[in-house]
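# Breakdown of the fold
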Amino acid sequence: MHGPRERRVAILGAGFSGICMAIRLKEAGVSFVIYEKADGVGGTWRDNSYPGAGCDVPSHLYSFSFERRAEWSRHYVEQPEILRYIEDCVERYGLRPHVRFGTEIVRARFDDDEGAWHLSTAGGEVFTADVVVTGLGQLNRPTVPELPGLADFKGTAFHSARWDHAHDLRGERVAVIGSGASAVQFVPRIAPDVARLHVFQRSPNWVLPRGDAAYSAAARGAFRRVPGLDRLHRASIFWALETRALALGGPTGPMLRALVERTARKHLEAQVSDLDLRRKLSPDYSIGCKRVLLSDDYYPALARENVELVTSPIARVEPDAVVTRDGRRVGVDTIVFATGFDALHFLAPLDVQGRDGARLAEAWRYGAEAYLGTLVSGFPNFFVLYGPNTNLGHNSIIFMIECQVHWVMRCLEELRARDRAWLDVRRDAMVASNRALQDRLRATVWVTGCHSWYKTASGRVTNNWPGFASRFWLATRKPRFDDFAWG
Ligand code: NAP
């Protein structure tokens, strides 16, 4: 008699998702390898090192539930502290020997006969795995708009997610293109140092007060010493954030949004006295349709003498200037693109081929979809962490990742218990669950008429989970194995 077969799991990416999966697999004694294209761990928290980069979910919640920290320095910590946390987790759980750095998997092909995945690198290496778990993020491919003349720009240009730390902005004339979550964090940091700062805004965002504060030594000591206090604090943050879902959809949405919009308008009025600037910064869509920004220093930065908010669309770039459509030529030394990411093409550029040669890019040509954001019919044993419709507008994505990882672990346990080679979600089950999901999404603020990275050009929301994060927790407690096919 042979025992249940040993499974080799390949994890793609060593960011929060990949690390979470690896920790759970290690605890369960399952063998795994993490393929990471860069030379370090941390994913988005390695890539986004721009000045002021941080998370607007409080750190006591934006961390693993099983790896809490009493020592978080502030409510909203900045990137170096988050990256250090991830690196600490890697050391603490002994994950480093499992990571193959500098290894980008470009192709994953399911071998129907073998019931296993072949993973190829750009350099032609091929690895075999029984199970693939991707932790590639939704926001990992920076986008730079194709502005006419950009190739001939003679100054320095870079994207906020690829910050050029060797380049000194002091005393320079700088253009920032884009005014989203990244821009509002670094604009206040660079504004005092540059000679002139021109922020090119395409559409204004709703901004709410951030209210950040450092934890006192006494508070940190209490988190260390008082049993359960950090858990209680974490839970209180979670449930406070969870109530915000009530504003993003459903019958309570419009009324609550009107209240929150009033708070945001007051914030703007308190920080910006110039009526023309206020008008330019006032959104004409419902709050929450795009990601709501939290900042106490963005508006004051825009009100500085050396900072200008430009709202006329960009016509072209010249070797030493950005030219707007109203004919203005803004001379600049450096352009910083804060223009976000390609969030719609999930997993790209990874080429995934499932059963019978089916291509994932083809299955997703009208927009990505998955069963519980994790499994796609026709792609057995291929689990997508932070996959379609798992992003949140109101709570911590680390919570969602943990839910998914829990669900994947239950699936792997069942595979082992049944001693089967693979599991696949049935197409009808996936279609039914997505129909229900899209029905719920139609009642959210995200479809109310704004442009955002949450949805496709045709308006289908592919990125966000509607409603409470706790509902996703419930949905992922126990896989419904009847929805699966087994190989
Ligand atoms: P983003 O929110 O997508 O913002 C991109 C900005 O660039 C928007 O202002 C957009 O204008 C503008 N833009 C895009 N293409 C343009 C073009 N061709 N011409 C002119 N303007 C253009 O990107 P992000 O700021 O990097 O943030 C992305 C996401 O990362 C956030 O939504 C958030 O989920 C996450 N993030 C979180 C934090 C945090 O926790 N604090 C910080 C940074 C990022 P439109 O609005 O008109 O499209």
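It should be noted that the structure appears before, not after, this text.
Anyway, here's the lowdown on the structure attached to this text. Here the structure is a predicted model, which means the values were calculated and not measured.

As a structural note, the neighbourhood of the ligand is formed by 23 residues, with S182, Q185, S203, K290 and W453 the closest of them. Contacts to the ligand include Q185, whose side-chain N or O atom sits 2.8 Å from a nitrogen atom. Here an oxygen atom of the ligand sits 2.7 Å away from a polar atom, N or O, in the side chain of K290. Protein coverage of the free-state accessible area of the ligand, which is 910 Å², stands at 83%. Sort the elements by how many residues they give to the shell around the ligand and helix α4 (residues 181-190) lands first, with three residues. Within the shell around the ligand, the residues separate by chemical class into nine nonpolar, 10 polar and four charged.

Moving on, we get to the side chain of R210. Within the secondary structure, R210 sits in the loop between β11 (207-208) and α5 (217-225). Here R210 is buried and forms no salt bridge, its nearest opposite-charge partner D212 lying at an N-O distance of 4.6 Å.

Nonpolar side chains in soluble globular proteins tend to end up buried together. Among the nonpolar cores identified, the biggest contains 108 residues, and F16, I19, L119, F382, F383 and F484 are the most heavily contacted of them. The dominant element in this core, judged by the number of residues it contributes, is helix α12 (residues 397-418), at 13 residues. Not counting chain neighbours up to four residues away, the residues in contact with I19 comprise A14, I34, F64, I86, C89, V90 and L95. Core analysis: the next-biggest nonpolar cluster, separate from the first, contains 30 residues, A183, L268, Y298 and V336 among them.

Turning our eyes to something else, we now look at the pattern of salt bridges. Throughout the structure, instances matching the rule amount to 34 salt bridges. In this structure, R24 and E27 form a salt bridge, with 2.8 Å as the shortest nitrogen-oxygen distance. On the criterion of helical spacing, the pair formed by R24 and E27 is a turn pair, its members being three residues apart in helix α1 (residues 16-28). Accessibility expressed as a relative area gives 26% for R24, which makes it partly exposed. Look at the salt bridges and you will find they share partners, linking E36, R46, D47 and R162 into a network.

Each turn of an α-helix holds 3.6 residues, which means side chains three or four residues apart point in the same direction. With eight of 10 residues buried, α4 is to be regarded as a mostly interior element. Three or more residues of α4 are buried, namely S182, A183, V184, Q185, F186, V187, P188 and I190. In the core, the buried residues of α4 are packed alongside β9 (173-177), β10 (196-200), β12 (293-294), α10 (298-302) and β17 (334-337).

This part covers the packing of α1 against helix α3 (residues 79-92). Following both chains from N to C, one finds α1 and α3 inclined at 25 degrees, their axes separated by 10 Å at the closest point. The orientation of α1 relative to α3 falls into the category roughly parallel. Read as a crossing pair, α1 and α3 show a hand that is left-handed. On the side of α1, the interface is formed by F16, I19 and I23, while α3 contributes I82, Y85, I86, C89 and V90. Here the contact of α1 with α3 is built from residues that sort into eight nonpolar, no polar and no charged.

The rules we used
Residues numbered from 1 in each chain as written. Predicted model: local features only at pLDDT ≥ 70, side-chain atom pairs only at ≥ 80, totals over all residues. Heavy atoms only, no water. Near = heavy atom within 4 Å. Polar contact = N/O pair within 3.5 Å; in protein donor to acceptor, adjacent residues only side chain to side chain. Areas by Shrake-Rupley, 256 points an atom, 1.4 Å probe, with all protein chains shown as cover. Helix = DSSP H or I, 4+ residues; strand = E, 2+ residues; numbered from the N terminus. Nonpolar A, V, L, I, M, F, W, Y, C, P; charged D, E, K, R; others polar. Buried < 20%, exposed > 50% of the residue type's maximum accessible area, 1.4 Å probe, protein only. Lys, Arg positive; Asp, Glu negative; His and termini not counted. Salt bridge = Lys/Arg side-chain N within 4 Å of Asp/Glu carboxyl O. Core = buried A, V, L, I, M, F, W, Y, C linked by side-chain atoms within 4.5 Å. Contact = heavy atoms within 4.5 Å. Axes fitted to C-alpha atoms, helices over the stretch in contact; angles between N-to-C directions. Parallel < 35°, antiparallel > 145°, perpendicular 65-115°, else oblique. Left-handed = near helix turned anticlockwise from the far one by under 90°.

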